[in-house]
Amino acid sequence: MKNVRLFSFSAIIASLVMLNGCDTKEDEMPETMSSEFTVTIENIFEAKDFFNTGTTGLITPGNSETFSFNAGIGHSLSFATMLVESNDLFYSPDENGIPLYDEDGNPVTGDVRTMISLWDAGTEINEAPGTGPNQPMRQSEMNSGPSENNPVNIVNDAFNYPSTQESIKVEIAHDGGTMFTISITNTSENTELPSPFAPGVWVIHNLDQMPIFSINEIAGIGLEPLAEDGDNSILNTEVMNNTGFFSPLAPGAFSIGTDNTIFMNGQSAGAALESLAEDGDASGFDNVFNTPIGMTSPGPLLPGSAYSFTFTAEKGDKLSFASMLVESNDWVIGTDKLELFSNGMAISGEITGDVYLYDAGTEEDEYAGAGNNQPLRQSEPNTGIDEEGIISMEANPSDNIPSITEMVRVTISPM
């Protein structure tokens, strides 16, 4: 769209006043009839390392605990729980966790205990299991044993331990969609070392991440108290502070005039909006913003980046725009017919309060950030289940979605 700078009517009047050598009171100044505006859309999501996290409680021999979560293709499960009858040993998958989908994109289910090992945190000298005076059930206080500074590795000392497969059972159930339930059972009651499992931490994360430990590296400050004393609070806080939903925004479209030509709230979406809302494809519209500030080519808007677009509008014109929330099926962030002039003057400043999350109603919703038909995980565009819905303000998004003011900041500046 070509942007044409227009002289304002007030500027012309001001010139005439000067030529005639007379004064005009401020409240007699004429209204602005047209103005050039710049809109800036900032992605202010706080990027996080992990998708979800939680804790487990004490699991005594013969008992189990379950927890549930949403996860998508590319997500893994990690967890750690202390073998209480030890100095600093814990049960866990390896450093990258258990992939929750196979190479074909099918959910992993069933007994996965063969992927669990007994690990030595390397922070306290090992004593005979079940008898050591510096183990939790016998120590006088927490963190009482002689320290060591060895890297995390599978336990390998002079003592005998029952096999991991005899002591712990871990089962994965796929509950449909992106929902999984994990069951951890303490099966040590019939071994030579019946032992509780201390409260632990679990994390849902990307396949290449190591949220709890790295093999052959020194244990972090959160793993040490978990592995030595069954205190999961520090590790839980560390992980929680790095866990949460965030999303890129996709290239979007805008319209200026009395009508919203991008979308009509309460109506069915057109083909152009469907492509924008489902796949971040704004090519079906005339007025597009697609290049982050400081970049030379179109691309998604990552946290900390901003789009900007400029246009000329006249009194009575309204602004509408839409940009896809990428970690969704068909949600857009946008505004619907925002008045550009107030009391005859061009508006200016932050307009985030007039921006909302809309559901295009074209594709069935999945859990945000985990849906396998969302752009970052779908095999190709337009793969989700069609929904014969209408465009609506999204009142009940996934429970992990923050408020608009935590996702974007939108400002407008007349020129």
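Everything below is about the structure printed above this text.
Residues numbered from 1 in each chain as written. Predicted model: local features only at pLDDT ≥ 70, side-chain atom pairs only at ≥ 80, totals over all residues. Heavy atoms only, no water.

K.L.:
Any chance you could explain the overall build of the chain here in plain terms?
P.N.:
Counting its regular elements, the chain contains five helices and 23 strands. Against the globule reference of 22 Å for 415 residues, the chain gives a C-alpha radius of gyration of 29 Å, more extended than a compact globule. The C-alpha extent of the chain, read off along each of the three principal axes, is 100 × 50 × 35 Å. Taken over 415 residues, the chain has a buried fraction of 49%. A sequence separation of at least 24 residues applies to 76% of the contacts in the chain between residues at least 6 apart. Working note: accessible area of the chain is about 19100 Å², and carbon and sulfur atoms make up 48% of it. On the chain, the mean spot of the 12 positive side-chain charges and the mean spot of the 62 negative ones are 13 Å from each other. (Helix = DSSP H or I, 4+ residues; strand = E, 2+ residues; numbered from the N terminus. Rg over C-alpha atoms; globule rule 2.2 N^0.38 Å. Buried < 20%, exposed > 50% of the residue type's maximum accessible area, 1.4 Å probe, protein only. Contact = heavy atoms within 4.5 Å. Areas by Shrake-Rupley, 256 points an atom, 1.4 Å probe, with all protein chains shown as cover. Lys, Arg positive; Asp, Glu negative; His and termini not counted. Charge placed at Lys NZ, Arg CZ, Asp CG, Glu CD.)

K.L.:
Help me out: how do you make sense of the nonpolar core in this one?
P.N.:
In a soluble, globular protein the nonpolar side chains are often hidden away together inside. Within the largest apolar cluster, 32 residues are counted, with the highest numbers of intra-cluster contacts made by Phe311, Leu319 and Leu325. Per-element accounting of this core gives the leading share, four residues, to strand β15 (residues 306–314). Among the nonpolar cores identified, the runner-up in size contains 30 residues, and Phe67, Leu77, Tyr91 and Ala370 belong to it. (Core = buried A, V, L, I, M, F, W, Y, C linked by side-chain atoms within 4.5 Å.)

K.L.:
Looking at this structure, I do not really get the layout of surface pockets. What am I missing?
P.N.:
Vacant regions in the atomic arrangement are exposed by a probe of water-molecule size rolled over the atoms. Of the volumes computed, that of the largest pocket is approximately 290 Å³. Here the lining of the largest pocket is built from residues that sort into seven nonpolar, seven polar and four charged. (1 Å grid on protein atoms, 1.4 Å probe; cavity = no way out; pocket = protein on both sides within 12 Å on 5 of 7 lines; lining within 4 Å. Points joined across faces, edges and corners; volume = space filled by probe spheres on them. Nonpolar A, V, L, I, M, F, W, Y, C, P; charged D, E, K, R; others polar.)

K.L.:
Would you mind going over the packing of aromatic side chains with me for this structure?
P.N.:
Any two aromatic rings considered together are summarised by their centre-to-centre distance and by the angle between their planes. Scanning all chains against the criterion turns up 20 aromatic pairs. Here Phe45 and Phe245 contribute two aromatic rings whose centre-to-centre distance is 5.7 Å and whose plane-to-plane angle is 70 degrees, an arrangement assigned as edge-to-face. Of this pair, Phe45 sits in the loop between β1 (34–43) and β2 (52–56) while Phe245 sits in the loop between α4 (233–240) and β13 (252–257), placing them 200 residues apart in sequence. Both residues of the pair, Phe45 and Phe245, belong to the buried class. (Phe/Tyr/Trp six-rings, centres within 6.5 Å; stacked < 30°, edge-to-face > 60°.)

K.L.:
I would appreciate a short explanation of the side chain of Thr352 in the present structure.
P.N.:
Within the element layout of this structure, Thr352 appears in the loop between β20 (349–350) and β21 (356–359). Since its relative accessible area comes to 3%, Thr352 is described here as buried. There is a polar contact of 2.8 Å between the side chain of Thr352 and the side chain of Glu350. Residues within four places of Thr352 in sequence aside, it is in contact with Ile404, Thr405, Val408, Arg409 and Val410. (Polar contact = N/O pair within 3.5 Å; in protein donor to acceptor, adjacent residues only side chain to side chain.)

K.L.:
What's the story with α4 in this structure? I'm lost.
P.N.:
The periodicity of an α-helix, 3.6 residues per turn, causes residues three or four positions apart to be oriented the same way. Where α4 is concerned, the buried positions are Leu235, Asn236 and Val239. Buried positions in α4, seen along its axis, are confined to an arc of 100 degrees and lie on one side of it. Its buried side turned inward, α4 meets β2, β12 (200–206) and α3 (223–229). (Arc of directions from axis to C-beta.)

K.L.:
Would you mind showing me how to read the pairing of strand β8 (residues 117–120) here?
P.N.:
Along any regular strand, the residues point their side chains to alternate faces of the sheet. With burial as the criterion, each face of β8 is covered, one bearing Ser117 and Trp119 and the other bearing Leu118 and Asp120. Alignment of strand β5 (residues 89–92) against β8, held across four bridges, turns out to be antiparallel. The residue bridging Leu89 from the neighbouring strand is Asp120, located in β8. Where β8 meets strand β9 (residues 153–154), two bridges bridge the pair, whose relative direction is antiparallel. Looking at the pairing, Trp119 lines up with Ile154 of β9. (Pairing = 2+ DSSP bridges.)

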